[in-house]
Structure formats: C-alpha cells, structure tokens
Amino acid sequence: MNLSMKHVLGVSVGLLLCLSARADWYVATEANGGNDNNAGTADAPFLTIAKGVAAATAEVTAAGEGVSVVHVGEGEFPLTEQLVVSAAVEVRGAGRGKTFIKGKQNITGTYGGYSAVVLNHEQALLQDLMVYKNTYTVAQNAWGLGVRLVKGTLRFCDIGSNTASGGPYRVHGGGVYMESGLIDHCVITNNVLSGGGG
C-alpha cells in the first residue's frame, strides 16, 4: 500500500483526537428516565451519581488527560455509599435548590468517619447542588460529614443538615472539612456535631 504523508498524518491526527475525546455523562432521577443500565447519555441517563463518576473516571484515566463532566439533573439523589471523586471529574448539578445529594442515614461511625462526598484531585469539582442529611449515630474521629475536601473545588453549593452525635471522639467539620483546595460561593449551614466545628 502506498500512503502519502498527508494520509499518514490524517490517520495520526484522527487517532489522537479519538483518544483524547471527552464525553459528557448524564444522571437523572428514575422519574426522569434514570437507570444505571443506560448508556449515560442525555437521552439515556444513569440513575446514580456514583455510576456517572465511575464512567467519567474510567474515561479520563484511560485517556490520561483532560476533564470529564457528570451532569446531574433536578431532584434528590440518595447515596448508598460514599461518593469519592479522585480523578479530573466535574460533578455539576442543575443549580441550587434543584439538585440534592442526600447522604446516608444512621451510620455507625468508624475511625476516619464517613463523608457524604470526598473530593481528592486537583481538578475535581462539585458545583451547583446541595449535600445534606448525612447522619451519624456514633461518630469516631470523623472529618467532614457533608464534604471532605482533600483537593479540588467546591463551588456554588449548599452544605446543610448533616449531623453527628453519640461518639466519644471528635468530629471535625460538620459541613465541610477542608485540607486544601478551594471553596467558592458556598453556603454551609445547620450542620450539627459533637465537636471540632460545625
């Protein structure tokens, strides 16, 4: 086969674009068509944020660069497990008063605690939503009931009504425990804990 340099370059550039492409992922309530067996597109969204974050993380990890975005629609999204964002993934809600991440209820705490959401990457982002009602019945040296911000950005979010009580140890940050990163235009209120700052 006789390929010109033009054809070779065309194939190389096309392959590069394919490898570095980024898809946006979508999450919606069951009433709005959400199902974790869906493809995660705007027309066939996932049901859980965890599924969206997992898909976005796999995508950005395979590509080795760029940022992947998870768009979360209106409504309440209960967590069954801690939501950890540890890659260049942005989780964007539909706006304050529209998208709600509801934490787990009546958790029995262990050392290290149980934050509803953990951001642990320089390019991780949580934006335009509320994290609320993450509840401990026993808390032992927990950090950030609503959000634990290890790295990344928390922007235009409300963090409220997260509570911890009953443990002999301290809970640090009822709403947010920040180790590094950025908190930008957020409202953190009505978080109650046994010690260490609400």
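Look a little higher up for the structure.
Reading the values: the criteria
- Residues numbered from 1 in each chain as written.
- Predicted model: local features only at pLDDT ≥ 70, side-chain atom pairs only at ≥ 80, totals over all residues.
- Heavy atoms only, no water.
- Helix = DSSP H or I, 4+ residues; strand = E, 2+ residues; numbered from the N terminus.
- Buried < 20%, exposed > 50% of the residue type's maximum accessible area, 1.4 Å probe, protein only.
- Contact = heavy atoms within 4.5 Å.
- Areas by Shrake-Rupley, 256 points an atom, 1.4 Å probe, with all protein chains shown as cover.
- Core = buried A, V, L, I, M, F, W, Y, C linked by side-chain atoms within 4.5 Å.
- Expected span 1.5 Å × (residues − 1).
- Arc of directions from axis to C-beta.
- Polar contact = N/O pair within 3.5 Å; in protein donor to acceptor, adjacent residues only side chain to side chain.

1. With respect to the overall build of the protein
Piece 1. Of regular secondary structure, the protein possesses two helices and 18 strands.
Piece 2. Across the 198 residues that make up the protein, the buried fraction comes to 41%.
Piece 3. The long-range share in the protein, meaning contacts at least 24 apart out of those at least 6 apart in sequence, stands at 72%.
Piece 4. Total accessible area on the protein stands at roughly 9800 Å², and carbon and sulfur atoms take up 54% of it.

2. Some remarks on the nonpolar core
Soluble globular proteins: nonpolar side chains tend toward being buried together.
Piece 1. By size, the foremost hydrophobic cluster in this structure holds 33 residues, and its most contacted members are Ile 49, Val 91, Ile 101, Val 117, Leu 126 and Val 131.
Piece 2. When contributions to this core are tallied by element, the ones reaching two or more residues are β1 (24–27), α2 (49–63), β2 (68–72), β4 (83–85), β5 (89–92), β8 (117–127) and β12 (147–155).
Piece 3. No other element matches the five residues that α2 contributes to this core.
Piece 4. Contacts of Val 117, omitting those with residues within four sequence positions, involve Leu 83, Ile 101, Leu 126, Val 131, Gly 146, Val 147 and Arg 148.

3. Some details on α2
Piece 1. Under the 1.5 Å per step criterion, the end-to-end length of α2 is 21 Å for 15 residues, consistent within 8% with the ideal 21 Å.
Piece 2. Within α2, burial applies to Ile 49, Gly 52, Val 53, Ala 55, Ala 56, Glu 59 and Val 60. In a view along the axis of α2, the buried residues occupy a sector of 165°, so they form one face of it. Of the exposed residues in α2, those oriented more than 90 degrees away from the buried face are Thr 61 and Ala 62.
Piece 3. The inward-facing, buried residues of α2 contact β1, β2, β3 (75–78), β4, β5 and β6 (99–102).
Piece 4. Two residues or fewer past α2, Gly 64 is found with a positive phi of approximately 80°.

4. Description of the environment of Val 67
Piece 1. Here Val 67 lies in the loop between α2 and β2.
Piece 2. Judged by relative accessible area, which is 25%, Val 67 ranks as partly exposed.
Piece 3. Residues Val 67 and Asp 24, 43 residues apart in the sequence, show an inter-C-alpha distance of 9.6 Å.

5. Digging into the side chain of Asp 184
Piece 1. Tracing the backbone shows Asp 184 in strand β17 (residues 182–184).
Piece 2. Within the local environment of Asp 184, its side chain forms a polar contact with the side chain of Arg 155, the two groups lying 2.8 Å apart.
Piece 3. Residues within four places of Asp 184 in sequence aside, it is in contact with Leu 154, Arg 155 and Phe 156.

Distances and angles like these do not, on their own, reveal function.
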